[in-house]
Amino acid sequence: MSTLNKGEYSGNILNLVEFEGIITSKTAYHDKVDQSYHYHANPHLSFIINGAHLERKNNQTAVKTSKDVLFYHSGEFHQTIPFTPDTKNLNLEIDSDFLQKHDISEELLEKAVLKNVRSKLFMLKLNSELNFNDGLTQTALHSLILDFVAEADVKDYQQILWCTKLEEFLNDNWYLNHSLEELSILLGVHPVTISKHFPKYIGCTISEYVRRIRITRSLDLLKSSNQSLTEIALFCGFSDQSHFLRTFKHLTGLNPKSFRNF
């Protein structure tokens, strides 16, 4: 077992950039990288851009693919075994001083990653900000992180039956458009109650939530299929390609073609 210090990863490190309190990097994995158990000195997020790998941690083994954003606590032992030679991750490492300064626990950071439909979009937006590489980049990155975590620091809605039911319904029917009145009838809850309280429990409006799901779904299609942008746009519930492009750019900072080649 080994300890990986600040900015160190088991894969081949690419494009490492350090700012106050955070480090961003990409890591490429192949069969020659170190596959031993290890832990990192700082907590970090890792978004699988391409490929897949086998992950072992907490006595559990799971296959992780480009559908996943992973979170690792500081000092959490794990093992990463690449499945394909094109496996590549985008990483965000956050040091303890940044977390303490902004009163963020590792548990809240983990909640933001695991419970947020925005996770992949957040990582892509963060990467896009890096491309500006100017005097405002550090501030932009810090703001993105704080906003991402703040959205997860919402009231517990597990006991709010209508909110749980609505979230499940939206995830199951993400490609369809529903009016507030239709949702009100479905849930037996007044439209004003839904509109007012959904952001308090989920962290964003219903329309924003659905757009995030749709764009997240499009990421998989862009990487795994040869469908045209128009075909993907219509499949994911957008009225046309133009609407899809605007929403994609807004939520990720990229255009779909750039992500396809990312």
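Above: the structure in question.
Residues numbered from 1 in each chain as written. Predicted model: local features only at pLDDT ≥ 70, side-chain atom pairs only at ≥ 80, totals over all residues. Heavy atoms only, no water.

Caption draft 1: Here's a closer look at the packing of helix H3 (residues 119-132) against helix H4 (residues 137-152). With their axes 9 Å apart at the nearest point, H3 and H4 run at an angle of 170° to one another. With respect to each other, H3 and H4 are oriented roughly antiparallel. For the pair formed by H3 and H4, the contact residues are Ser119, Phe122, Lys125, Leu126, Glu129, Leu130 and Phe132 on the first element and Thr137, Ala140, Leu141, Leu144, Ile145 and Phe148 on the second. Considered class by class, the residues forming the contact of H3 with H4 number 9 nonpolar, 2 polar and 2 charged. (Axes fitted to C-alpha atoms, helices over the stretch in contact; angles between N-to-C directions. Helix = DSSP H or I, 4+ residues; strand = E, 2+ residues; numbered from the N terminus. Parallel < 35°, antiparallel > 145°, perpendicular 65-115°, else oblique. Contact = heavy atoms within 4.5 Å. Nonpolar A, V, L, I, M, F, W, Y, C, P; charged D, E, K, R; others polar.)

Caption draft 2: Just the environment of Val17, in detail. As for its position among the elements, Val17 is in strand E2 (residues 12-19). A relative accessible area of 30% means that Val17 is categorised as partly exposed. Sequence-distant contacts of Val17, that is, excluding residues within four places in its chain, are made with Ile22, Ile23 and Thr24. (Buried < 20%, exposed > 50% of the residue type's maximum accessible area, 1.4 Å probe, protein only.)

Caption draft 3: The packing of aromatic side chains, seen in detail. Evaluated as defined, the whole model comprises 8 aromatic pairs. Between Trp174 and Tyr175, the aromatic rings sit 5.5 Å apart at their centres with planes inclined by 90°, giving edge-to-face as the arrangement. Note on Tyr175: relative accessible area 38%, which makes it partly exposed. Ring geometry for Phe238 and Phe244: centres 5.4 Å apart, planes at 50°, overall tilted. In this structure, Phe238 and Phe244 share a single accessibility class: buried. The ring of Phe259 carries Lys223 above its face, with NZ or CZ at 5.1 Å from the centroid. (Phe/Tyr/Trp six-rings, centres within 6.5 Å; stacked < 30°, edge-to-face > 60°. Lys NZ or Arg CZ within 6 Å of the ring centre and 35° of its normal.)

Caption draft 4: Broad picture of the state of the cysteines. In total, this model carries 0 disulfides according to the counting rule given. No disulfide involves Cys163; its nearest neighbouring cysteine sulfur is the one of Cys204, lying 10 Å away. Relative accessible area serves as the criterion here: at 0%, Cys163 is assigned to the buried category. (Disulfide = S-S within 2.5 Å.)

Interpretation in functional terms is not warranted from these geometric data alone.
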